[in-house]
Amino acid sequence: MTADKEKRRAISREAARRRRRVESDVFKDLSHLLPLQPSIRSHLDKPTVIRLTLSYIRMHAVLKGNFGTKAEPSHTVKRGQAIEGPEEEKTDLVKRDQDGGQHEEEKEVEEETNMYLRILEGFLMVISTEGDMMYLSSNVSKYMGLTQTELMGHNIFEFTHPCDHDEIRGNLRLRAEEVWYGAKRDFVMRIKSALTHRGRSANLKSATWKVLHCQGRGKVCVAQSSVSCLLLTCKPLPLSHTLLSAHTFTSQHSMDMKFTHCDQRVTELLGYNPEELQGRSFYDICYPVDWRCLAKNHWNLCFKSQSVSGQYRMLVRSGGFVWVESHSAVIPSVRPSKSRPGAQQPLCILSVTYVLSGVEQPSLRLSLNQAVHR
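Keep in mind it's a predicted model, so treat the numbers as computed, not measured. (Residues numbered from 1 in each chain as written. Predicted model: local features only at pLDDT ≥ 70, side-chain atom pairs only at ≥ 80, totals over all residues. Heavy atoms only, no water.)

A. Representation of the confidence of the model for the protein in the model. Taken over all residues, the pLDDT of the protein has a mean of 78, while the share at 70 or more is 78%. This stretch, residues 66-86, has a pLDDT under 50; its non-local contacts, to residues over four places away or in other chains, come to nine contacts. (pLDDT = per-residue confidence, 0-100. Contact = heavy atoms within 4.5 Å.)

B. Inspection of the pairing of strand β2 (residues 133-136) at higher detail. Note that strand β1 (residues 123-128) and β2 share three bridges and pair antiparallel. Its bridge partner lying in β2, M125 is registered against L136. Two successive antiparallel strands, β1 and β2, enclose a turn made up of four residues, where G131 displays a positive phi of approximately 100°. (Pairing = 2+ DSSP bridges. Helix = DSSP H or I, 4+ residues; strand = E, 2+ residues; numbered from the N terminus.)

C. Representation of the packing of aromatic side chains. As enumerated under the stated definition, the model contains seven aromatic pairs in all. On the numbers, 5.8 Å between centres and 70° between planes, the contact of F282 with Y283 is edge-to-face. Residue F282 shares its accessibility class with Y283, and that shared class is buried. Between W299 and F303 the ring centres are 4.9 Å apart and the planes differ by 35°, which places this aromatic pair in the tilted class. Separated by four residues within a single helix, W299 and F303 lie in helix α12 (residues 291-304), roughly one turn from each other. Members of the aromatic cluster, connected to one another through ring pairs, are F259, F282, Y283 and Y312. In this structure, R313 is placed above the aromatic ring of Y287, and the distance from its NZ or CZ to the ring centre is 4.0 Å. (Phe/Tyr/Trp six-rings, centres within 6.5 Å; stacked < 30°, edge-to-face > 60°. Buried < 20%, exposed > 50% of the residue type's maximum accessible area, 1.4 Å probe, protein only. Lys NZ or Arg CZ within 6 Å of the ring centre and 35° of its normal.)

D. Main features of the side chain of K304. Position of K304 among the secondary structure elements: in helix α12. Look at K304 and you get buried, because its relative accessible area is 2%. A distance of 2.6 Å separates a polar atom in the side chain of K304 from a polar atom in the side chain of E167. Within the structure, K304 has its side chain in polar contact with the backbone oxygen of V188 (distance 2.3 Å). (Polar contact = N/O pair within 3.5 Å; in protein donor to acceptor, adjacent residues only side chain to side chain.)

E. Region of interest: the nonpolar core. The biggest cluster of nonpolar side chains holds 34 residues, and the ones touching the most others in it are F123, M125, L136, I156, M189 and L212. For this core, the secondary-structure elements that each account for two or more residues are α3 (46-63), β1, β2, α6 (140-144), α8 (165-172), β3 (183-193), β4 (208-219) and β5 (229-236). Among the elements that take part in this core, β3 stands out by supplying four residues, more than any other. Discounting chain neighbours no more than four positions away, the residues touching I156 are M125, I127, G131, M133, I168 and M189. Counting 26 residues, the second-largest nonpolar core is a separate cluster that includes M314, V316, V324 and V355. (Core = buried A, V, L, I, M, F, W, Y, C linked by side-chain atoms within 4.5 Å.)

F. Representation of the side chain of S326 in the model. Inspection of the secondary structure puts S326 in strand β9 (residues 321-336). For S326, a relative accessible area of 3% corresponds to the buried category. In this structure the side chain of S326 is engaged in a polar contact, spanning 2.6 Å, whose partner is the side chain of Y312. Of note is the side chain of S326, whose polar atom sits 3.0 Å from the side chain of T353. Setting aside residues up to four positions removed in sequence, S326 forms contacts with S307, V308, S309, G310, Y312, S351, V352 and T353.

G. Looking closely at the pattern of salt bridges. Counting across every chain of the model gives 12 salt bridges. Put simply, E130 and R58 hold a salt bridge, and the shortest N to O gap is 3.4 Å. Within this pair, whereas E130 is found in the loop between β1 and β2, its partner R58 is found in helix α3, the two being separated by 72 residues in sequence. A salt bridge links R317 to E276; the nearest nitrogen and oxygen atoms lie 3.6 Å apart. Linking R317 in the loop between β8 (306-315) and β9 with E276 in helix α11 (residues 274-277), this pair joins segments that are 41 residues apart in sequence. As far as burial versus exposure is concerned, R317 and E276 are alike and both buried. What you see here is one network of salt bridges that share partners, running through D164, E167, R190 and K304. (Salt bridge = Lys/Arg side-chain N within 4 Å of Asp/Glu carboxyl O.)

Written out as structure tokens, the structure reads:
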């Protein structure tokens, strides 16, 4: 009996080893199919392989509408037809020519993509309506301290601030009628960042919140086999290209957006004296139709500390308006907040405003402050 038991155990152990070997081979073959660098593939565990595979399958479902037909490589066929010699030699030359041309084309596409990402000063994200991050561009680690493979396939709600979840859900909600006029999205959210102040990667448990300005469009798919999603560009705030120029002025505001300071360039650009703006509301010199957009920007500032306004109109002192865009941030005080223990009390709002256009409709006056020309 003992010998039979040992024999059955040995057979069972061997079957388990064979099963694990087959499973490892399947996952190895599956990881080789993923469009990743060999150095990254070799360090993937089994759950990561499954997660990335599902993400790429869903991305394929999103893109298959654009890539349903395969273009014929007509230029390589023509060059192959001109080669004389045995059939095997011609086939080898054509294959080599196709492989070389494909490699060069992939290299050019990669260089062009990297250039666009550098200009963007942010990263790309494709997110499903359920919140699953189906794709992130490879430069996400530069801004978040987390790699592309660490984030893809995870749900965005695992990494974003709990107070922003309702706003994110509202932006993920796509309606069928949005197919006709395009589902534009523009919002600000806070997400975990493993980057330290020195630019090094830290443990996710000690991650801090980074503010992202997300802009993009929704792709609504009616077919059941397709995936509805958002295609977003995500830029960390404050933006590194926030520079002062001749068409820029800076201002400081209290938390209710009243001017406390403004530099002299506002006189040249808008016609107001810095002294007359002090104590007045920022909304007094803005186009009334844009107040709703600016109120949302103000809300983002109060709760998320940083924001980009988008394009809006400011009234010119002598009449008319100019198109502007403001990059703003809350400057914290050294003293701790009484209402929020552990948090710093806000000191003021610092805003950098870019004037994007010349004066439009100079005869138009929408404020009493524009009625008297100085």
